[in-house]
Amino acid sequence: MKVLIIGAGVIGLLTARRLHHEGCQVIVVDAAPEGRPASWAGGGILSPLYPWRYPVEIQQLTASADQYYLSLQQELLALDASIDIEVEAQGMLVLEPEDAPEARQWGARQGVSLRSLEAGEIQRSWPYLKRGVEGLWFSECAHVRNPRLLRALRIEMIQKGILFSESLPVQAMVRSGDRLESVRLRNGNLLEADHYVVCAGPWSAGLLVSCGLELPIQPVRGQMLAYRDPSQGQMRAMVLYQGRYLIPRRDGVILVGSTVEEVGFDASVTPMAREALQGFAEDLVPMLRGQQPFAQWAGLRPASPRGVPFIGSLLDNLWVSTGHFRNGLVMAPASAELLADLMLGRTPLLDPAPYQPRHSLAK
Ligand SMILES: Cc1cc2nc3c(=O)[nH]c(=O)nc-3n(C[C@H](O)[C@H](O)[C@H](O)COP(=O)(O)OP(=O)(O)OC[C@H]3O[C@@H](n4cnc5c(N)ncnc54)[C@H](O)[C@@H]3O)c2cc1C
């Protein structure tokens, strides 16, 4: 079975990997847009922020991502020792959540440890943080270094002979009744396959319109900053506070995220976001005062109405996996598995009904 995947973000790449593993002939085309895709821009946290607040459809897709990425890390290292995707099971300190009892109940039900910490204990263990805040310790929370993940997956794909093109935007999809016949590339060439999968992030909706289908996917910009660790290695845990977070990478880069902005397809960075994120970081970690972030960037998240992605078929041979909004890196492995099972006619482990895109097609 020949499958054409449109989009080489984390969703397209892990879907390609999975289908290749199942014996499909896979071709991936990517547009290489201006700026970076969300899969590069994101923080790589392998859990939704405040996971207990999410609907079960999202929790199901996020449950075992850390295990998946840990094994992927080993497989990719075996292929190329120079590329480490840096899965770090550092844990996350969740400061002053207003719903701590609900969080603990959720943790007890899921078998996830969420231990309450008093302000004094936090101060002793994380002396670089602002004083006087209580929190929860989410010890199992991990993150992956997503720009390296993308690079490693692309290298693996080329080594495995998955046909891959990084600068071939699909301009339109050519439909005949209930089937897709081909896709037209910007250079005018047509590409044909048995099945087509749209994983084009926030650009998915525009592509689908070209063959008369409307799916509610919108871009939502997220901006982030990066600092150098001023604490000489003390910062070794993620911290979530008032909806924003710090992520310490292994080499001393500290990420600060993120904004949530409905500004259409504008992936530029703004002084206002820089100021807001800087203010947050300096309040939380007073030793950052006076330091300048060395980088600022933005990505466009593919937002779906409730953050529940669309995974399934829209035509007999046209499939989508998109709309992962704020949780695409953590949901990518389970999304790829679900889509592969559906495409191969197998009964998936998860009930596919909540993700079925046909229900959401504009009438
Ligand atoms: C600031 C920020 C922080 C985030 N933090 C996290 C986090 O900590 N954890 C988490 O799980 N998620 C996080 N996310 C969300 C996550 O990054 C996204 O949900 C995920 O990356 C979406 O992946 P995708 O593959 O669907 O889309 P994308 O990464 O956008 O990839 C889509 C790809 O499709 C290609 N494409 C588009 N149009 C065409 C075309 N016409 N032809 C060919 N190719 C095309 C693009 O070039 C792009 O490479 C964050 C996002 C942002 C912006």
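Structure's up top.
Draft legend 1. Quick look at the site of the ligand. Around the ligand sit 40 residues in total, of which Asp 30, Ser 39, Ile 45, Phe 325 and Val 330 are the nearest. Within the contact set of the ligand, a nitrogen atom lies 3.0 Å away from a backbone nitrogen or oxygen of Arg 326. A distance of 2.9 Å separates an oxygen atom of the ligand from a polar atom in the backbone of Leu 329. Relative to its unbound accessible area of 1000 Å², the ligand is 97% covered by the protein chains. For the shell around the ligand, the residue count by class is 24 nonpolar, 13 polar and three charged. The residue makeup of the shell around the ligand includes at least three contributed by each of domain 1 (2-46 + 147-216 + 306-360) and domain 2 (95-141 + 218-303).

Draft legend 2. Focus on the packing of helix α4 (residues 65-79) against helix α10 (residues 328-343). Put simply, α4 and α10 touch, their axes get as near as 9 Å, and they point 80° apart. Taken together, the axes of α4 and α10 are roughly perpendicular relative to one another. Packed against α4, whose contacting residues are Ala 65, Tyr 68 and Tyr 69, the element α10 presents Leu 329, Val 330, Ala 332 and Pro 333 at the interface. Split by residue class, the contact of α4 with α10 holds seven nonpolar, no polar and no charged.

Draft legend 3. How the structure looks around the nonpolar core. Core analysis: the largest hydrophobic core is formed by 48 residues, its most contacted members being Ile 5, Val 10, Val 28, Tyr 69, Ile 85 and Leu 149. For this core, the element with the highest residue contribution is α10, accounting for 10 residues. Other than its neighbours up to four places away in sequence, Ile 85 contacts Tyr 69, Leu 72, Gln 73, Leu 76, Val 144, Arg 145, Arg 148, Leu 149 and Ala 152. Membership of the second largest hydrophobic core comes to 26 residues, among which are Ile 6, Ala 193, Leu 314 and Leu 361.

Draft legend 4. Looking closely at the sheet that holds strand β15 (residues 295-303). Ordered in space as β4-β5-β3-β12-β13-β14-β11-β15, the eight strands form an open sheet in which the pairing is mixed. In this open sheet, the two edge strands, each paired with only one partner strand, are β4 (114-117) and β15. Mean inter-strand twist for the sheet, computed between neighbouring axes without regard to direction, equals 20°. Bridge count between β4 and strand β5 (residues 135-138): four bridges; the pairing is antiparallel. By the bridge assignment for β5, Arg 115 is matched with Trp 137. In this fold helix α9 (residues 271-284) packs onto β3 (92-95), β11 (218-228), β12 (238-241), β13 (244-248), β14 (253-257) and β15, with an angle of close to 50° to the strand it touches most, β11.

Draft legend 5. The environment of Arg 175, seen in detail. On the secondary structure map, Arg 175 appears in strand β7 (residues 170-176). Here Arg 175 falls in the partly exposed class, since its relative accessible area comes to 35%. Separated by 98 residues in the primary sequence, Arg 175 and Ala 273 place their C-alpha atoms 42 Å from one another. Apart from the residues lying within four places of it in its own chain, the contact partners of Arg 175 are Leu 180, Glu 181, Cys 211, Gly 212, Leu 213 and Leu 315. From its side chain, Arg 175 meets the backbone oxygen of Cys 211 in a polar contact 2.9 Å long.

Draft legend 6. Structural detail: the sheet that holds strand β16 (residues 310-315). If you walk across this open sheet you meet the six strands as β6-β2-β1-β10-β17-β16, and the pairing is mixed. Because the sheet does not close on itself, it has two edges, and the strands there are β6 (163-165) and β16. Strand after strand, the sheet turns through a mean of 20° between neighbouring axes, direction not considered. Bridge count for strand β1 (residues 2-6) against strand β10 (residues 195-198) is four bridges, and the pairing is parallel. Bridge pairing in β10 links Val 3 to His 195.

Draft legend 7. Broad picture of the environment of Val 10. Position of Val 10 among the secondary structure elements: in helix α1 (residues 10-21). Taking the relative accessible area as the measure of exposure, Val 10 reaches 2% and is therefore buried. In this structure the C-alpha to C-alpha distance between Val 10 and Leu 315, which are 305 residues apart in sequence, comes to 23 Å. Setting aside residues up to four positions removed in sequence, Val 10 forms contacts with Ser 39, Tyr 69, Leu 149, Leu 150, Gly 328, Leu 329 and Ala 332.

Draft legend 8. Focus on the packing of aromatic side chains. Per the stated rule, a full pass over the model turns up six aromatic pairs. A connected cluster of aromatic rings, assembled from ring pairs, spans Tyr 50, Trp 52 and Trp 106. Sitting above the plane of the Tyr 50 ring, Arg 53 keeps its charged end 3.9 Å from the centroid. Seen from the ring of Phe 294, Arg 228 lies directly overhead, with NZ or CZ sitting 3.9 Å from the centre.

Draft legend 9. Region of interest: the environment of Gly 44. Mapped onto the elements of the fold, Gly 44 is located in the loop between α2 (38-41) and α3 (56-62). With relative accessibility at 3%, the residue Gly 44 sits in the buried group. Between the alpha carbons of Gly 44 and Asn 146 there is a distance of 5.5 Å; along the sequence they are 102 residues apart. Sequence-distant contacts of Gly 44, that is, excluding residues within four places in its chain, are made with Ala 142, His 143, Val 144, Asn 146 and Leu 329.

Draft legend 10. Layout of the packing of α1 against α4. Closest axis-to-axis distance for the α1/α4 pair is 14 Å, and the angle between their directions is 70°. Classed by the angle they form, the pair α1 and α4 counts as roughly perpendicular. Considering the relative orientation of α1 and α4, their crossing is left-handed. Contact residues: α1 offers Val 10, Leu 14 and Arg 17, while α4 offers Tyr 68, Tyr 69, Leu 72 and Glu 75.

Definitions and limits used
Residues numbered from 1 in each chain as written. Predicted model: local features only at pLDDT ≥ 70, side-chain atom pairs only at ≥ 80, totals over all residues. Heavy atoms only, no water. Near = heavy atom within 4 Å. Polar contact = N/O pair within 3.5 Å; in protein donor to acceptor, adjacent residues only side chain to side chain. Areas by Shrake-Rupley, 256 points an atom, 1.4 Å probe, with all protein chains shown as cover. Nonpolar A, V, L, I, M, F, W, Y, C, P; charged D, E, K, R; others polar. Domains from an automatic or database assignment. Axes fitted to C-alpha atoms, helices over the stretch in contact; angles between N-to-C directions. Helix = DSSP H or I, 4+ residues; strand = E, 2+ residues; numbered from the N terminus. Parallel < 35°, antiparallel > 145°, perpendicular 65-115°, else oblique. Contact = heavy atoms within 4.5 Å. Core = buried A, V, L, I, M, F, W, Y, C linked by side-chain atoms within 4.5 Å. Buried < 20%, exposed > 50% of the residue type's maximum accessible area, 1.4 Å probe, protein only. Pairing = 2+ DSSP bridges. Phe/Tyr/Trp six-rings, centres within 6.5 Å; stacked < 30°, edge-to-face > 60°. Lys NZ or Arg CZ within 6 Å of the ring centre and 35° of its normal. Left-handed = near helix turned anticlockwise from the far one by under 90°.

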